[in-house]
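This is what each chain is made of:
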Amino acid sequence: MTTPENYVERNKIYRINEGVLLVEGVQRAAIYDTIKGNVYSLNQKARDIVLEQRNDTGFCEELRNLGLLFKDNNIAEFEVETPNFGLEFVWLELTSKCNLTCLHCYAESSPKIDQEELPTKIWEKVIEEGAKIGCRQLQFIGGEPLIFEQIFDLAACAKSFGYQFIEIFTNGTLLNADKVKRIKDLGLRVAVSLYSNDPVIHDLVTGSSGSFNKTMSALRLLKEAEVPIRIGVVIMNQNQATVGNTLEMIQKMGFDGGESADVVRTIGRGKKQNLLPDPEVCRNFGTMIQPVFVTDKNSFERNCIGNPCWLGKIAVTATGDIIPCVAGRQHIVGNVAEELEEAVEGNPLQKLWRISKDKIKVCSGCEYRYACGDCRPLAEAETGNLYSKTPRCDYDPFTGEWKKGGE
Amino acid sequence: MLRVEAEKPEIILVSPSTTGSGNEKQTSQAGPCAPQCLPYCRITICRPDGAPPLPPPPWPPPRPPGPHRG
């Protein structure tokens, strides 16, 4: 039996047609058609026919008909270039304070947080420095970012520096008609968390009676104003029974992304075991249980070198620390007291950004490693190892098989 | 004597759809993260450099069909 301890390394990439790559895995292989976007799974026999250029006319013809194989079998190893990665997206945690106390908050925010906020001029400096090194996407978060009174001044500042995507991630409870108008006038986007269609359950999750009604009022105001909105549902034990109805309600309200639901991640207060939903819900909503992959040239090349998720991103905490992701809070790679560019170009961040799937145990032997997503903070939280495979994937590249339901 | 049949070459499409309108729609709506990541990753579908959107890594995966609790 092939295991992580005894496997024969097969991790090469071959160019088998223009824009088509064959990626070896331990047991199987995958073909990435970066032009059409398709990914194919190959068994060992198929892989060997392609790589050893065996004379199997029928199978090779099938591949050529799909546009996957050179007519002259001119296969060569694919060499990945190693570009420098710049800053593409920044989260700004304007405050650690939140008016709610959600059960699962990864940042452990609450009204009781007594953290002094950074002055507006520091945030303006971060926004300007980000723009100078090419960043054009920004999200204000917290805590609850609308607690930070100068948030709209900062949004205007970001617009003036050319940010093309500016979003506020809020619980919605502090929004009113005036604030929605400012959001609309500034061309901002909004993302909102909603936990249930049942007010009692939503309020149970947020720890605040009446929060459901306030959030729903905000959603209606935003909808009326035609502000682009996304709604996310985090599933935990407390709200799992209403997930279906919640998603249906979101859809009926006419919001895009109503299907956006994910299982609570075991970070911050979310680490409490009694928050995890039932195993079948975890599997249905939070586990990769079947191969569904797409590809393109850009993502393929990026994933060969860097992490599929946090590459190009940073978060700035309410204390000015720079971290690679809001959920990766222990990985402090700098502080805004220094130039942002120093942290972005520094080794600690670049090393984190470059945790490709090739550096992750088990995933490095998987043929899907350049099409798959990732969440390093989740893997680290669940296993204690930053370089471990996340438990929320049911594929075993050492057997080439997906777990059956309930195994 | 047990005879083991030689393995046949096998190729399986593991993308959500083949080329055509379905795939184009999927790609045009895709972002650097799967939409299901919104509650945590909180990333949008746009890219700063105007490049075509990245395909969505399947993390977490699409929900399987069938009834949900509640």
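Worth saying up front: this structure is predicted, and the values here are computed from it rather than measured.

Draft legend 1. Region of interest: helix H10 (residues 297–305) of chain A. Within H10(A), the full set of buried residues consists of A:Ser299, A:Phe300, A:Arg302, A:Asn303, A:Cys304 and A:Ile305. Looking at the buried positions of H10(A), the neighbouring elements they touch are strand E1 (13–17), strand E2 (20–24) and strand E3 (29–33) of chain A.

Draft legend 2. Up close: the sheet that holds strand E6 (residues 89–93) of chain A. All names here are of chain A. Taking strand neighbours across the sheet as the criterion, the nine strands line up as E11-E10-E9-E8-E7-E6-E12-E13-E14 in an open arrangement whose pairing is mixed. Every other strand in the sheet has two partners, leaving strand E11 (261–263) and strand E14 (334–335) as the edge strands with one partner each. Note: strand E7 (residues 137–141) against strand E8 (residues 165–170), four bridges, orientation parallel. Counterpart to Gln139 in the pairing with E8 is Glu167. In this fold helix H4 (residues 151–160) packs onto E7 and E8, with an angle of close to 160° to the strand it touches most, E8. With respect to the sheet, helix H7 (residues 211–224) is in contact with strand E9 (189–193) and strand E10 (229–235), its orientation differing from that of E9 by roughly 155°.

Draft legend 3. Quick peek at the confidence of the model for chain B. Residue and element names in this part refer to chain B. On average, residues of chain B score 46 in pLDDT, and 14% of them reach the 70 mark or higher. The low-confidence segment residues 18–70, where pLDDT is below 50, has 160 contacts with residues more than four positions distant or belonging to other chains. Reported for the predicted complex are a pTM of 0.86 and an ipTM of 0.85.

Draft legend 4. Representation of a negative patch on the surface in the model. Negative charge collects at one region of the surface, where A:Glu338, A:Glu339, A:Glu341, A:Glu342 and A:Glu345 lie side by side. Topologically, A:Glu342 is positioned in helix H11 (residues 340–345).

Draft legend 5. Structural view of the side chain of A:Glu380. All names here are of chain A. Relative to the elements of secondary structure, Glu380 occurs in helix H13 (residues 376–383). The side chain of Glu380 is buried and forms no salt bridge, while Arg376, the nearest opposite charge, is found at 8.0 Å. If sequence neighbours within four positions are ignored, Glu380 has contacts with Gln330, His331, Asn385 and Leu386.

Cut-offs used in this document
Residues numbered from 1 in each chain as written. Chains lettered and ligands numbered in written order. Predicted model: local features only at pLDDT ≥ 70, side-chain atom pairs only at ≥ 80, totals over all residues. Heavy atoms only, no water. Buried < 20%, exposed > 50% of the residue type's maximum accessible area, 1.4 Å probe, protein only. Helix = DSSP H or I, 4+ residues; strand = E, 2+ residues; numbered from the N terminus. Contact = heavy atoms within 4.5 Å. Pairing = 2+ DSSP bridges. Axes fitted to C-alpha atoms, helices over the stretch in contact; angles between N-to-C directions. pLDDT = per-residue confidence, 0-100. Patch = residues over 30% accessible without salt bridge, like charges linked within 9 Å, V, L, I, M, F, W, Y side chains within 5 Å. Areas by Shrake-Rupley, 256 points an atom, 1.4 Å probe, with all protein chains shown as cover. Salt bridge = Lys/Arg side-chain N within 4 Å of Asp/Glu carboxyl O. Lys, Arg positive; Asp, Glu negative; His and termini not counted. Charge placed at Lys NZ, Arg CZ, Asp CG, Glu CD.

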